[in-house]
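Reading the structure
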Amino acid sequence: MTEVTSGPRTSGWQPRSGMPQYADRPRFDVEKVRADFPILSREIDGHPLVYLDSANTSQKPRPVLDTLTSFYEGHNANVARAVHTLGTEATEAYEGARAKIARFVGANAPGEIVFTKNSSEAMNLVAYSFGHQGADVDPRFRLGPGDEVVISEMEHHSNIVPWQLLCQRTGATLRWFGITDEGRLDTSALDELVNERTKIVSYVLQSNILGTINPTSAIVARAHEVGALVMLDASQAVPHGPVDVVDLGVDFLAFTGHKMCGPTGIGVLWGRAELLDAMPPFLGGGEMIETVRMEGSTFAPAPARFEAGTPPIAQAVGLGAAVDYLTSLGMDAVRWHEKEITAYALDALTEIPGLTIFGPAVPVGRGGTISFALDGVHPHDVGQVLDAEGVAVRVGHGCARPTCARFGVPAVTRASFYLYTTTEEIDALVRGIGSVRKLFG
Amino acid sequence: MQLDSLYQEIILDHYKHPHGRGLRDPFEAEAHHVNPTCGDEMTVRVHLSGEGDDVRVEDVSYDGMGCSISQASASVLHDLVAGHTLTDAFARHEAFNELLTGRGQVEPDEDLLEDAVAFAGVARYPARVKCALLSWMAFKDAAARATAASAGGTP
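So, how was this worked out
- Residues numbered from 1 in each chain as written.
- Chains lettered and ligands numbered in written order.
- Predicted model: local features only at pLDDT ≥ 70, side-chain atom pairs only at ≥ 80, totals over all residues.
- Heavy atoms only, no water.
- Helix = DSSP H or I, 4+ residues; strand = E, 2+ residues; numbered from the N terminus.
- Buried < 20%, exposed > 50% of the residue type's maximum accessible area, 1.4 Å probe, protein only.
- Contact = heavy atoms within 4.5 Å.
- Areas by Shrake-Rupley, 256 points an atom, 1.4 Å probe, with all protein chains shown as cover.
- Lys, Arg positive; Asp, Glu negative; His and termini not counted.
- Charge placed at Lys NZ, Arg CZ, Asp CG, Glu CD.
- Rg over C-alpha atoms; globule rule 2.2 N^0.38 Å.
- Pairing = 2+ DSSP bridges.
- Axes fitted to C-alpha atoms, helices over the stretch in contact; angles between N-to-C directions.
- Domains from an automatic or database assignment.
- Salt bridge = Lys/Arg side-chain N within 4 Å of Asp/Glu carboxyl O.
- Polar contact = N/O pair within 3.5 Å; in protein donor to acceptor, adjacent residues only side chain to side chain.
- UniProt positions renumbered as here; feature names shortened; annotations may be inferred.
- Parallel < 35°, antiparallel > 145°, perpendicular 65-115°, else oblique.
- Expected span 1.5 Å × (residues − 1).

1. A closer look at the overall build of chain B
- The helix and strand inventory of chain B stands at five helices and three strands.
- Counted from the first residue to the last, chain B has its helices and strands arranged as α-β-β-β-α-α-α-α.
- The principal-axis extent of the C-alpha atoms belonging to chain B is close to 55 × 30 × 25 Å.
- Each of the 155 residues in chain B was classed as buried or not, and the buried ones make up 48%.
- Within chain B, counting contacts between residues at least 6 apart in sequence, those at least 24 apart form 61% of the total.
- For chain B, the exposed area adds up to about 7,200 Å²; of that, 50% sits on carbon and sulfur atoms.
- Of the charged side chains in chain B, 12 are positive and 25 negative; the average position of the first set lies 7 Å away from that of the second.

So, in structure tokens, the structure goes:
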């Protein structure tokens, strides 16, 4: 494990472009952090791995890997249904992880944490709750013709398609915030867009393409003023800085384990307890029921109501270990490290002729995800040449085609940073872009 | 550099100086194919003449956006099938498809595939196979539509 240290960094970072260096900022030694991630010592065709694809999925530190192994080796059993010792241990580990994650995002109670398989499932769960008709449905979740759902043009497909499907089913209207030329959310028409007809506003806290960190207070205030609910897709936010659901004042928050040092197959829906209790079930099956009769069933209270079947137990426990790991470093320190790396990368990339950055060009109100175009070279080709030098980036539309379309490109090259990213890796990216230029002119 | 097997000189030449690019009239059918993973798009038109076994591909025209592999492959498609019988064109399509999906284990027939043998290296990069096949799949689709249309049109 890595200790949190303070004082100047040792990796040769130089303040550039007016980025002040605050001595009192919480810091960690990035080389010590890297030593916790076994995969970072890998080589790709003789080149050290430069992993700049953490917005896609993060790498996993040793404590998470060890937790998975020790769970399977020493405590494996199904949860919430076995009276034997292993069953009790597995249940305690699983529920313990729920409590850790609740604390991590400032939830009022562990019961506000619903385990899903990923963010997509978490958002589908909420969207599905609006699709029911009938007098017994809570009016906040009743949706029909004339009602409106508001999203944004900056969303991942997982926060677009479930709402499109919902609106097709119910006859409700889908509306969205646009994006400014600078890559910020265009909230200039907030009061018109979010109105008395709006039932829910669901948008991304940090864009997976542009890196933009979106505002919340004005949007949440307006939504609640007109009686609408608010969900944030925090998949790219929770891994990278402190997030507190009470501070945010929203109603739902979705995020995923694998982008925050945890395993794949585990995601989280946080919801205000009172809302989760009012929502109809999602998937039916074991463990989500109260009583089942052939004539009909009654359902368990949240969160169990939304966790049908055997859940991803080891993965939840692994995510608990990831949360412990991140907490030990300090989320403020993680955010500050990424801010420095992002400032360094923005400086370096803007100096490259013919390179266009999509999204905020300053390291303010943005995270460590930078998408760009290189004049005359397709992202596939950029990514391929970079890979030959060990540099892993994402190429394509990044599952946010409307965002790419907003900037007139079918695809982008995306470099995304995390707590283990170094300035040397940014230098390797810049050198790699030089090789792309050499090959494609 | 290992990339040489992927980005062969022939491929880069076709990419930088594509043959037969642009959509042209007349045409009997066109097909629009997309690569959902990267958003690349390709429209291919075919113009056929003759009947029965003598059907010839008079022209293959195309337009689209995509990486060097997908653009070069469309250029090679034009060279390999325009001016040939449809039977020949389909044989080449099949050989190209086999080469690309052969995981680098297929020895290409240079007489049949000409410049397209340069794509042998692409077969070793599974993520790029779809790029190379995009225009060829669209061609096959368009040619099938064109022949179906003409068959339906003759009593």
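This is not the end of the story, as more comes after the structure.
2. Thoughts on the overall build of chain A
- The secondary structure content of chain A amounts to 14 helices and 20 strands.
- Against the 2.2 N^0.38 benchmark of 22 Å for 441 residues, chain A shows a C-alpha radius of gyration of 22 Å, consistent with a compact globule.
- When its C-alpha atoms are laid out on the principal axes, chain A stretches across 70 × 55 × 40 Å.
- Residues counted as buried form 57% of the 441 residues belonging to chain A.
- Put simply, 71% of the contacts in chain A that link residues at least 6 apart link residues at least 24 apart.
- A total accessible area of about 17,000 Å² is found for chain A, and carbon and sulfur atoms account for 53% of it.
- Mean positive and mean negative side-chain charge positions of chain A (36 and 51 charges, respectively) differ by 2 Å.

3. Some remarks on the sheet that holds strand β20 (residues 412-416) of chain A
Residue and element names in this part refer to chain A.
- Spatial strand order, β16-β17-β20-β19: four strands in an open sheet with antiparallel pairing. Lying at the two open borders of the sheet, with one neighbouring strand each, are β16 (355-358) and β19 (394-396). Ignoring strand direction, the axes of neighbouring strands in this sheet form an average angle of 30°.
- Inspection of the sheet shows β16 paired to strand β17 (residues 369-374) by four bridges, in the antiparallel sense. Along β17, the bridge assignment pairs phenylalanine 358 with serine 371.

4. A look at the domain arrangement of chain A
Residues and elements named next belong to chain A.
- Here chain A is partitioned into domain 1 (2-52 + 330-439) and domain 2 (64-327).
- When each unit is reduced to the centre of its C-alpha atoms, the spacing between domain 1 and domain 2 is 29 Å.
- Facing the 36 residues of domain 1 at the interface are 32 residues of domain 2.
- With its nearest N and O atoms 2.7 Å apart, the salt bridge here joins aspartate 181 to arginine 406.
- Here domain 1 and domain 2 share 19 residue pairs in polar contact (both at pLDDT 80 or more) between them.
- Listing elements by their share of the side of domain 1 that touches domain 2, those giving two or more residues are α11 (331-350), β17, α13 (401-406) and β20.
- For the side of domain 1 that touches domain 2, the leading source of residues is α11, giving five residues.

5. Quick notes on helix α12 (residues 379-388) of chain A
Residues and elements named next belong to chain A.
- Of all 10 residues that make up α12, nine are buried, and the element is covered over most of its length.
- Considered for burial, the residues of α12 that qualify are Pro379, His380, Asp381, Val382, Gly383, Gln384, Val385, Leu386 and Ala388.
- After α12 finishes, the residue glycine 390 shows a positive phi value of roughly 85°.

6. Some details on unusual backbone geometry
- Backbone torsion omega between Ala302(A) and Pro303(A) reads 5°, so that peptide bond is classified as cis.
- Within the secondary structure, Pro303(A) is located in the loop between β15 (296-299) and α10 (313-329).
- Residue Asp25(B) is joined to Pro26(B) through a cis peptide bond whose omega torsion reads -5°.
- In this fold, Pro26(B) is placed in the loop between α1 (9-16) and β1 (29-35).
- At Cys261(A), a residue that is not glycine, the phi angle is positive and equals roughly 75°.
- Looking at where Cys261(A) falls in the secondary structure, it is placed in the loop between β12 (252-256) and β13 (267-271).
- Looking at Cys261(A), the relative accessible area reads 0%, which means it is buried.

7. What about the pairing of strand β2 (residues 40-49) of chain B?
Residues and elements named next belong to chain B.
- Most of β2 sits out of view: eight of its 10 residues are buried.
- Where β1 meets β2, seven bridges bridge the pair, whose relative direction is antiparallel. Paired with alanine 29 across the bridge in β2 is valine 46.
- Here nine bridges tie β2 to strand β3 (residues 56-65), and the two strands are oriented antiparallel to one another.

8. Remarks on the UniProt feature "domain: NIF system FeS cluster assembly NifU N-terminal" (unreviewed entry) in chain B
- Within this structure's numbering, the places UniProt gives as "domain: NIF system FeS cluster assembly NifU N-terminal" (unreviewed entry) are residues 7-131 of chain B.
- Note that residues 7-131 of chain B is 38% helix and 22% strand, and that its end C-alpha atoms are spaced 13 Å apart.

9. What to know about the UniProt feature "domain: Aminotransferase class V" (unreviewed entry) in chain A
- Mapped onto this numbering, the UniProt entry gives "domain: Aminotransferase class V" (unreviewed entry) at residues 50-429 of chain A.
- From the first C-alpha to the last, residues 50-429 of chain A spans 8 Å; its make-up is 36% helix and 19% strand.

10. Quick notes on the packing of α1(B) against helix α2 (residues 68-81) of chain B
Residue and element names in this part refer to chain B.
- Viewed as axis vectors pointing N to C, α1 and α2 meet at an angle of 85°, and their least axial separation amounts to 8 Å. Between α1 and α2, the angle is such that the two are roughly perpendicular. When α1 is examined against α2, the residues Ile11, His14 and Tyr15 are found in contact with a partner set consisting of Ser68, Ile69, Gln71, Ala72, Ser75, Val76 and Asp79.

11. Description of helix α3 (residues 85-104) of chain A
Residues and elements named next belong to chain A.
- With 20 residues, α3 extends 28 Å from end C-alpha to end C-alpha; this agrees with the ideal 28 Å at 1.5 Å per step.
- Turning to α3, its buried residues are Gly87, Ala90, Tyr94, Ala97, Arg98, Ile101, Ala102 and Phe104.
- Where α3 is buried, its residues touch α2 (62-74), β6 (113-116), β12, β13, α10 and α11.
- Directly beyond the C-terminal end of α3, a positive phi value near 75° is found at glycine 106.

12. Observations concerning the pattern of salt bridges
- A complete count under the given rule lists 26 salt bridges over all chains for this structure.
- Glu425(A) is paired through a salt bridge with Arg34(A); the nearest N and O atoms lie 3.3 Å apart. Pair noted here: Glu425(A) is in helix α14 (residues 423-440) and Arg34(A) is in helix α1 (residues 30-35), with a separation of 391 residues, a long-range link. There is no split in this pair, since Glu425(A) and Arg34(A) are both buried.
- With a shortest N-O distance of 3.1 Å, Asp63(B) and Arg21(B) are connected by a salt bridge. On the criterion of sequence distance, the pair formed by Asp63(B) in strand β3 and Arg21(B) in the loop between α1 and β1 is long-range, its members being 42 residues apart.
- The partly exposed category is assigned to Asp63(B), whose relative accessible area is 34%.
- Taking relative accessible area as the criterion, Arg21(B) reaches 36% and is therefore assigned partly exposed.
- One connected set of salt bridges, linked through shared partners, spans Asp138(A), Arg140(A), Asp251(A), Arg272(A) and Glu274(A).

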